Amino acid sequence: MFISNSRIKKIIALAAVTLAPGMLYTQSANAGDQCQNAMAPFTLFGGGGSKTEQLLTLVAWFTCYTDTYTYNAAVALNNWIIPDTSDTTSALQSTLASYTNTATNSMAQNTPDKTGIQLQQQLTNDFFGSSLGDVTQANDITFLTMLGSPIYPSDPRGDGAGDIAYNFIKNASGINMTHTAPSDQWRGSKDNKDKYTSFYNTISSIQSYNAYVLGQMYADYKNGMTNQTSALMQQAGNSNWFSQVASENIGYVLRQILMYNSESFVLLAQLLQTQRQMAEAQAMTNTLIVIGNQFTENQLIAKARGG
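The structure displayed is predicted, hence computed values, not measured ones.

Caption draft 1: Broad picture of the nonpolar core. Of all hydrophobic cores here, the largest spans nine residues; its members are Ile117, Phe128, Leu132, Val135, Ala138, Leu144, Leu147, Ile151 and Tyr152. Setting aside residues up to four positions removed in sequence, Ile151 forms contacts with Thr124, Asn125, Leu132, Ala138, Asn139, Thr142 and Leu144. Counting residues in hydrophobic clusters, the runner-up holds five residues, among them Ala165, Phe168, Ile169 and Leu214.

So, in structure tokens, the structure goes:
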């Protein structure tokens, strides 16, 4: 039987309008079986059924799969844009917020309850004891200064105290411990003069490196790095922040994740630098141990020579 093109189009349109509403809510789990069942008992190419029946079967098959994919896409899109109110996320949010608050409070930063600051103040007072009042330069030699909470909020030396953070760095690095520079005018033997020159060069190099490493601490202090780090940690673990993320569209959340990833790269670079500095400082510590053992070495040589 011949079917005209116009009639075929009408049949397809009528079938699509008839079948589409019924297929719209097809569940994805059984979509494949349902759509295959829509083909029975006919086949597309050859087999039983009239041309009209085969065309209707073809329309049903395509409509079934189209509506199934449309439904699944709508479900997936809905999962990306609706707020996250799951119990799992809520519990994780609470745990992360508690952990972050504990971490920031233990870092001796200027956090709301200042747990770390208070502990450092107590330890410093125990260290000096009753002599604290006599140590007018206490701000220059206590780490509380680098935490932004000097032991003397009002320095007893007044304007003569200068930059107390800079003073602390000089004291901690040992840069204030100067050494007599070697001179060709000395009357000792060349061997003894060369030994002292080697000592002078080595100890001065190590003190210079100490000043470099601790100088970065001073730069962070001046630039407010400590407070900036604390602020980022508090935001990352804040309950309001988690609630905001859970209610935002996923596009916003993905951009915020990229921002934190960028910040993580900066922190990782700083961590790598710190690890290198630690290894270098350990090597210099070994050098100091070698220098410190020279006295013992000389005694062993003297005994070995029978002196």
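Caption draft 2: Main features of the packing of helix H7 (residues 164-173) against helix H8 (residues 190-222). Remark: H7 packs on H8, axes separated minimally by 8 Å, with the N-to-C direction vectors making an angle of 155 degrees. What the angle tells us is that H7 and H8 run roughly antiparallel. Once H7 is placed against H8, the crossing between them reads as right-handed. Contacts from Ala165, Tyr166, Ile169, Ala172 and Ser173 of H7 reach H8 at Gln207, Asn210, Ala211, Leu214, Gly215, Met217, Tyr218 and Tyr221. Considered class by class, the residues forming the contact of H7 with H8 number nine nonpolar, four polar and no charged.

Caption draft 3: Spatial organisation of the pattern of salt bridges. Evaluated as defined, the whole model comprises five salt bridges. Close ionic contact of Asp155 with Arg157 constitutes a salt bridge, the shortest N to O distance being 2.9 Å. A salt bridge links Asp163 to Lys222; the nearest nitrogen and oxygen atoms lie 3.5 Å apart. Of this pair, Asp163 sits in the loop between helix H6 (138-141) and H7 while Lys222 is found in helix H8, placing the two residues 59 residues apart along the sequence. The exposure class of Asp163 is partly exposed, given its relative accessible area of 27%. Judged by relative accessible area, Lys222 falls into the partly exposed class, the value being 47%.

Caption draft 4: Quick look at H7. Burial in H7 covers these residues: Ile164, Ala165, Asn167, Phe168, Ile169 and Ser173. Buried residues along H7 sit against H6 and H8. For H7, the side-chain oxygen to backbone nitrogen distance between the N-cap and Ala165 is 3.2 Å, and the N-cap itself is Asp163. Downstream of H7 by one or two residues, Gly174 has phi in the positive range, about 80 degrees.

Caption draft 5: Summary view of a nonpolar patch on the surface. A surface patch of nonpolar side chains, amounting to about 310 Å² of accessible area, comprises Trp80, Leu254 and Ile257. Structurally, Ile257 can be placed in helix H11 (residues 250-292). Classification of Ile257 by relative accessible area gives partly exposed; the value is 42%.

Caption draft 6: Expanded view of the side chain of Thr145. Within the secondary structure, Thr145 is located in the loop between H6 and H7. The class of Thr145 is buried, set by a relative accessible area of 0%. Reaching out from Thr145, the side chain makes a polar contact with the backbone oxygen of Asn139 at a distance of 2.6 Å.

Caption draft 7: Focus on the confidence of the model for the chain. In this model, the chain carries a mean pLDDT of 74, and residues with pLDDT of at least 70 account for 71%. When the elements of the chain are averaged for pLDDT, helix H1 (residues 5-23) gives the smallest value, 50, and H6 the largest, 92. Taken together, the stretch residues 15-29 has pLDDT below 50 and engages in 23 contacts with residues farther than four places along the chain or on a different chain. Across residues 41-47, where pLDDT falls below 50, the model places 11 contacts with residues more than four positions away in sequence or in other chains.

Rules used throughout
- Residues numbered from 1 in each chain as written.
- Predicted model: local features only at pLDDT ≥ 70, side-chain atom pairs only at ≥ 80, totals over all residues.
- Heavy atoms only, no water.
- Core = buried A, V, L, I, M, F, W, Y, C linked by side-chain atoms within 4.5 Å.
- Buried < 20%, exposed > 50% of the residue type's maximum accessible area, 1.4 Å probe, protein only.
- Contact = heavy atoms within 4.5 Å.
- Axes fitted to C-alpha atoms, helices over the stretch in contact; angles between N-to-C directions.
- Helix = DSSP H or I, 4+ residues; strand = E, 2+ residues; numbered from the N terminus.
- Parallel < 35°, antiparallel > 145°, perpendicular 65-115°, else oblique.
- Left-handed = near helix turned anticlockwise from the far one by under 90°.
- Nonpolar A, V, L, I, M, F, W, Y, C, P; charged D, E, K, R; others polar.
- Salt bridge = Lys/Arg side-chain N within 4 Å of Asp/Glu carboxyl O.
- Polar contact = N/O pair within 3.5 Å; in protein donor to acceptor, adjacent residues only side chain to side chain.
- Patch = residues over 30% accessible without salt bridge, like charges linked within 9 Å, V, L, I, M, F, W, Y side chains within 5 Å.
- Areas by Shrake-Rupley, 256 points an atom, 1.4 Å probe, with all protein chains shown as cover.
- pLDDT = per-residue confidence, 0-100.

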